[in-house]
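If you want the building blocks of each chain, they are given just below.
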Amino acid sequence: GNQTFFIDKLQSLVANHLHKLLVIIDDVWEVSDALIYTQVFNGCKIIMTTRRENVNKLIPSKMCITVEPMNEEEAVMLMTYDLPKIVSPDQVAMLARKLQFWPLLLNSSRGYLHVHCTEEHKALQQAVNRIQEVLKEKELDAAVDVDKHKIAVETTVQCSMEILTPDELHAL
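Rules behind the numbers
- Residues numbered from 1 in each chain as written.
- Predicted model: local features only at pLDDT ≥ 70, side-chain atom pairs only at ≥ 80, totals over all residues.
- Heavy atoms only, no water.
- Helix = DSSP H or I, 4+ residues; strand = E, 2+ residues; numbered from the N terminus.
- Buried < 20%, exposed > 50% of the residue type's maximum accessible area, 1.4 Å probe, protein only.
- Contact = heavy atoms within 4.5 Å.
- Areas by Shrake-Rupley, 256 points an atom, 1.4 Å probe, with all protein chains shown as cover.
- Pairing = 2+ DSSP bridges.
- Core = buried A, V, L, I, M, F, W, Y, C linked by side-chain atoms within 4.5 Å.
- Expected span 1.5 Å × (residues − 1).
- Axes fitted to C-alpha atoms, helices over the stretch in contact; angles between N-to-C directions.
- Left-handed = near helix turned anticlockwise from the far one by under 90°.
- Nonpolar A, V, L, I, M, F, W, Y, C, P; charged D, E, K, R; others polar.
- Salt bridge = Lys/Arg side-chain N within 4 Å of Asp/Glu carboxyl O.
- pLDDT = per-residue confidence, 0-100.
- Polar contact = N/O pair within 3.5 Å; in protein donor to acceptor, adjacent residues only side chain to side chain.

Once that is clear, we can look at the overall build of the chain. Within the chain one finds nine helices and two strands. Along the chain, helices (α) and strands (β) appear in the sequence α-β-α-β-α-α-α-α-α-α-α when read from the amino end. Residue burial in the chain is summarised as follows: out of 172 residues, 34% are buried. Pairs at least 24 apart in sequence give 57% of the contacts found in the chain among residues at least 6 apart. On the chain, roughly 11500 Å² of surface is accessible, and the fraction owed to carbon and sulfur atoms is 55%.

With that settled, the discussion passes to the pairing of strand β1 (residues 22-25). Here β1 shows a buried face lined by Val23 and Ile25 and an unburied face lined by Leu22 and Ile24. The pairing of β1 with strand β2 (residues 45-48) spans four bridges and is classified as parallel. Within β2, the position partnered with isoleucine 24 by the bridge is isoleucine 47.

Grouped together as the largest cluster of nonpolar side chains are 19 residues, with contacts concentrated most on Met79, Leu106 and Leu113. If we ignore the near neighbours within four places in the chain, the residues touching leucine 106 are Met70, Ala75, Leu78, Met79, Ala96, Leu99 and Phe101. Counting 14 residues, the second largest nonpolar core, distinct from the first, contains Leu10, Val14, Ile36 and Phe41.

The next subject is helix α7 (residues 124-137). Taking 1.5 Å per residue as the helical rise, α7 with its 14 residues ought to reach 20 Å, and the 20 Å between its terminal C-alpha atoms agrees with that figure. When α7 is considered as a whole, its buried residues turn out to be Leu124, Ala127, Val128, Arg130, Ile131, Gln132, Val134 and Leu135.

Our next topic: the packing of helix α6 (residues 103-119) against α7. Contact geometry of α6 with α7 gives a least axis separation of 9 Å together with a crossing angle of 145°. Judged by the twist between their axes, the crossing of α6 over α7 is right-handed. Facing Ser109, Tyr112, Leu113, His116 and Cys117 of α6, the residues of α7 in contact are Leu124, Gln126, Ala127, Val128, Arg130 and Ile131. A breakdown of the residues in the contact of α6 with α7 according to their chemical character gives seven nonpolar, three polar and one charged.

Once that is clear, we can look at the pattern of salt bridges. According to the stated counting rule, one finds two salt bridges in the structure shown. Residue arginine 97 is joined to glutamate 72 by a salt bridge in which the shortest nitrogen-to-oxygen separation is 2.9 Å. Taken together, the residues span a long stretch of sequence, with arginine 97 in helix α5 (residues 89-98) and glutamate 72 in helix α4 (residues 72-80) at a distance of 25 residues. Linking arginine 130 and glutamate 133 is a salt bridge whose minimum nitrogen-to-oxygen distance equals 2.6 Å. Of this pair, arginine 130 and glutamate 133 both sit in helix α7, separated by three residues, roughly a single helical turn.

To continue, consider the confidence of the model for the chain. Per-residue confidence for the chain gives a mean pLDDT of 75, with 73% of residues at or over 70. The spread of mean pLDDT over the elements of the chain runs between helix α8 (residues 149-161), the lowest at 66, and α4, the highest at 88.

Moving on, we get to the environment of glutamine 11. Along the polypeptide, glutamine 11 turns up in helix α1 (residues 2-14). Expressed as a C-alpha distance, the spacing of glutamine 11 and valine 40, which sit 29 residues apart in the sequence, is 5.6 Å.

Relative accessible area serves as the criterion here: at 18%, arginine 130 is assigned to the buried category. A distance of 2.6 Å separates a polar atom in the side chain of arginine 130 from a polar atom in the side chain of glutamate 133.

Structure below.
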């Protein structure tokens, strides 16, 4: 039903531009999803990332590059970029470890920290505490494992949604 409509609509949108497109699909978790993307974008140049070995093995590709996980120093740099200098790297490092250095989660959390600390002029510790509180509510207060990835993403998005104004929420 909906999936077939989505595939047909997407294929019609890209049909005339197949050889001109570079499609980047980040963090594919299911083989079925990867197969759909390769079907829809057949003829395009595709860069697909995954953490799942089964997805990597079952998708035909010409080249596979292993990218190591982000380390703590890189995670702290990403999360504190453009934040006031008073930010304590130790506070952010602890949160980054909880999020297991996943770039999507780190970047979403960084957005929340940025608005909280720069636009609302509130303390970093308060923002970090709020993210940790939501993680705990979702039973993600221990290190996030791969099976809880979807919940972890939803949690960081929830924190980010809290800072939107009613008009911004309505625009979504």
